[in-house]
Amino acid sequence: MNKIGEVVKQARAAFNSGRTRPLQFRIQQLEALRRMIKERGPDIAGALAADLHKNEWTSYYEEMVYVLEELEHMIKKLPEWAADEPVEKTPQTQQDESYIHSEPLGVVLIIGAWNYPFNLIIQPMVGAIAAGNAVVLKPSELSENMASLLATIIPQYLDKDLYPVISGGVPETTQLLKERFDHILYTGSTAVGKIVMSAAAKHLTPVTLELGGKSPCYVDKDCNLDMACRRIAWGKFMNSGQTCVAPDYILCDPSIQNQIVEKLKKSLKEFYGEDAKKSRDYGRIINAQHFQRVMGLIKGQKVAHGGTGEEASRYIAPTILMDVDPQSPVMQEEIFGPVMPIVCVHSLEEAIQFINQHEKPLALYVFSSNDKVIKKMIAETSSGGVTANDVIVHITTHSLPFGGVGHSGMGAYHGKKSFETFSHRRSCLVRSLQNDEAHKARYPPSPAKMPWH
């Protein structure tokens, strides 16, 4: 365990050496990371297949492509973002130079998640490297094949002292959190997020917490249901429902519930065939514990489709639940599995009220052909992000920061926001030593009478 302290100390010494300061060094490291993904793509896909039953196509398009896009964008924009940013002058600072200077924070800890075990640790790393930090990576031990691959390949491409990978489970993470970092980014559950924040508080370390929650999906009567259900089915059942921004449940008027069920079933058949277990595109649950948990949420519910599972292969059929009671267990926690409950509401106002009675979610989805419905839903609720008439895609755009609010997290990253998250924006004012005439009023002795205006 002492080894962890040594690794962090080594990363700190490497950062203090100043070698991450030049932009040229940072760009070299980002280019090396890009080369790693391109050269080791098949190995990355192999680890994802072993951990989550992802095929090569889904491995690339759900995990690697967004990191590659982020790398391209970061390499191109870094000189512009890292440049000193002049600010507006006031009457008192006309002769001065006032600007914001972005500097690295120091040693950053990134704790990854098991559901997208490549993307959710490497994408934030891109911003941390670009900002000039040393980065300690802690992949999730639940996606063990990816954790072991990252520990092997990252030192082959990147600076070994600046970007170490820590392997292990809860004891190692606990030990790691005792160390002092300059920023921690954690992706995972709200419960563990509280532990991370509590450990960070001891060192006054700022945190970015990417947590979860139940992301609602409101389907309006006035909407193209075929298109809506196809998009919802794609986002819900991708990676076997193990996506932090997946639509967790549907809110709709009872009059369209049956249509939604039928159209979801039609899309599921189109995507995964008659038996999703035989589909190369359908994922598996990460482990036996989560398999049992998700199967337990289906118990006692009105199953409109699916509802079966096979523990040996950790397969759970795509499942749709109808007429779900808001008080039932499936509505009390983030599902994180291929189970879609439908809760009936009788109006847009009732849907908004329902959403606002619960913790703020990481994402919110609304499907409607009426722009007023969309704008009202956005104006009267709160969530980390929103997509209207589609799901998940708001987090794939580097110009939109990705993050939660309230119980779904704090802080954000992606694109320029990643660079800002891992930088200190330092306020700088440079003044001449020549002329003091303009400042003489500030020096004692002060006038006996105050000239009130």
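A. Structural detail: the overall build of the protein. From N to C terminus, the protein includes 13 helices and 19 strands. Computed over its C-alpha atoms, the radius of gyration of the protein comes to 25 Å, within 12% of the 22 Å expected for a compact globule of 453 residues. A total of 453 residues make up the protein; the buried ones form 54% of that total. Here the protein displays about 21,000 Å² of accessible surface, and carbon together with sulfur accounts for 53% of that area. Side-chain charges of the protein comprise 49 positive and 51 negative groups, with the mean position of each set lying 3 Å from the other.

B. Local environment of the pattern of salt bridges. A complete count under the given rule lists 26 salt bridges for this structure. Linking Lys265 and Glu262 is a salt bridge whose minimum nitrogen-to-oxygen distance equals 3.4 Å. Note that Lys265 and Glu262 are positioned in helix H9 (residues 254-272) at a spacing of 3 residues, about one turn of the helix. Among the residues examined, Lys265 registers a relative accessible area of 25% and is labelled partly exposed. For Glu380, the salt bridge goes to Lys376, with nearest N and O atoms at 3.1 Å. Taken as a pair, Glu380 and Lys376 lie in helix H12 (residues 371-380) at a separation of 4 residues, close to a single helical turn. With a relative accessible area of 26%, Lys376 lands in the partly exposed category. It is possible to trace a salt-bridge network through shared partners that takes in Arg19, Asp159 and Asp161.

C. Geometry of the packing of helix H2 (residues 23-52) against helix H5 (residues 144-157). Remark: H2 packs on H5, axes separated minimally by 9 Å, with the N-to-C direction vectors making an angle of 165°. By the criterion of interaxial angle, the relationship of H2 to H5 is roughly antiparallel. Crossing handedness for the pair H2 and H5: right-handed. For the pair H2 and H5, contact is made by Ala32, Arg35, Met36, Glu39, Arg40, Asp43, Ile44, Ala47, Leu48, Ala50 and Asp51 and by Glu144, Asn145, Met146, Leu149, Ile153, Ile154, Gln156 and Tyr157, respectively. Its residues assigned to classes, the contact of H2 with H5 shows 11 nonpolar, 2 polar and 6 charged.

D. Representation of the sheet that holds strand S2 (residues 97-104). What the 3 strands build is an open sheet, ordered S1-S2-S19; its pairing is antiparallel. The open sheet has two edge strands with one neighbour each: strand S1 (85-86) and strand S19 (423-430). Bridging between S1 and S2 involves 2 bridges; their strand directions are antiparallel. Among the inter-strand pairings, Pro86 is bridged to a residue of S2, identified as Tyr99.

E. Spatial organisation of unusual backbone geometry. Omega for the bond connecting Pro444 with Pro445 falls within 30 degrees of zero, at 0°, which places this linkage in the cis form. With respect to the element layout, Pro445 can be found in the segment after S19. Of note in this structure, His53 is not a glycine but carries a positive phi near 60°. Note on placement: His53 falls in the loop between H2 and helix H3 (56-82).

F. Layout of the pairing of strand S6 (residues 207-210). Here S6 shows no split at all, with Val207 and Leu209 on one side and Thr208 and Glu210 on the other all buried. Assessed by its sense of winding, the connection that carries the chain from strand S5 (residues 183-187) through helix H7 (residues 190-201) to S6 is right-handed. In terms of strand pairing, S6 meets strand S17 (residues 409-410) through 2 bridges, oriented antiparallel. Of the residues in S17, the one forming a bridge with Glu210 is Gly409.

G. Spotlight on the nonpolar core. Residues Ile110, Phe118, Ile122, Met125, Val219, Ile250 and Ile260 are the most contacted members of the largest nonpolar core, which totals 113 residues. Sorting elements by how many residues they give to this core places H2 first, with 12 residues. Contact partners of Ile110, with chain neighbours within four places excluded, come to Ile121, Pro124, Met125, Ala128, Val135, Val136, Leu137, Lys138, Leu185 and Phe422. Leu297, Ile316, Ala351 and Ile352 belong to the second-largest nonpolar core, a separate cluster that totals 28 residues.

H. Quick peek at the pairing of strand S13 (residues 339-344). For S13, a buried count of 5 out of 6 residues is recorded, marking the element as mostly surrounded by other parts of the structure. Where strand S8 (residues 249-252) lies against S13, 3 bridges are found, and the strand directions are parallel. By the bridge assignment, Ile250 is partnered in S13 with Ile342. In the sheet, strand S12 (residues 319-322) pairs with S13 via 3 bridges, with the strands oriented parallel.

I. Spatial organisation of the state of the cysteines. Taken as a whole and assessed by the stated rule, the structure comprises 0 disulfides. Between Cys229, a cysteine without a disulfide, and Cys223, which holds the nearest cysteine sulfur, the sulfur-to-sulfur distance is 7.3 Å. Here Cys229 falls in the buried class, since its relative accessible area comes to 1%. Cys344 supplies the cysteine sulfur nearest to Cys252, a cysteine that is in no disulfide, at a spacing of 4.9 Å. Residue class for Cys252 comes out buried when judged on its relative accessible area of 0%.

J. Broad picture of the sheet that holds S12. Read across the open sheet, the 7 strands follow the order S9-S12-S13-S8-S7-S14-S15; overall the sheet is mixed. Both edges of this open sheet fall to strand S9 (302-305) and strand S15 (385-388), since each of them pairs with a single strand only. The average angle at which neighbouring strand axes cross in this sheet is 25°, direction not considered. In terms of strand pairing, strand S14 (residues 363-367) meets S15 through 4 bridges, oriented parallel. Across the sheet, residue Leu364 finds its bridge partner in S15, namely Val386. The strands touched by H9 are strand S7 (216-219), S8, S9, S12 and S13; relative to S12, the strand with the most contacts, the crossing angle is about 170°.

K. Main features of the packing of aromatic side chains. Across all of its chains, the model carries 9 aromatic pairs by this definition. Considering the side-chain rings of Trp81 and Phe419, the 6.3 Å spacing of their centres and the 40° angle between planes classify their relative orientation as tilted. Residue Trp81 is found in helix H3, and its partner Phe419 is found in helix H13 (residues 416-421); the two are separated by 338 residues along the sequence. Taken as a pair, Trp81 and Phe419 share a single burial class, namely buried. Of the aromatic side chains, those joined through ring pairs into one cluster are Phe271, Tyr272, Tyr282 and Tyr315.

Analysis parameters
Residues numbered from 1 in each chain as written. Predicted model: local features only at pLDDT ≥ 70, side-chain atom pairs only at ≥ 80, totals over all residues. Heavy atoms only, no water. Helix = DSSP H or I, 4+ residues; strand = E, 2+ residues; numbered from the N terminus. Rg over C-alpha atoms; globule rule 2.2 N^0.38 Å. Buried < 20%, exposed > 50% of the residue type's maximum accessible area, 1.4 Å probe, protein only. Areas by Shrake-Rupley, 256 points an atom, 1.4 Å probe, with all protein chains shown as cover. Lys, Arg positive; Asp, Glu negative; His and termini not counted. Charge placed at Lys NZ, Arg CZ, Asp CG, Glu CD. Salt bridge = Lys/Arg side-chain N within 4 Å of Asp/Glu carboxyl O. Axes fitted to C-alpha atoms, helices over the stretch in contact; angles between N-to-C directions. Parallel < 35°, antiparallel > 145°, perpendicular 65-115°, else oblique. Left-handed = near helix turned anticlockwise from the far one by under 90°. Contact = heavy atoms within 4.5 Å. Nonpolar A, V, L, I, M, F, W, Y, C, P; charged D, E, K, R; others polar. Pairing = 2+ DSSP bridges. Right-handed = clockwise from strand over helix to strand, strands pointing away. Core = buried A, V, L, I, M, F, W, Y, C linked by side-chain atoms within 4.5 Å. Disulfide = S-S within 2.5 Å. Phe/Tyr/Trp six-rings, centres within 6.5 Å; stacked < 30°, edge-to-face > 60°.

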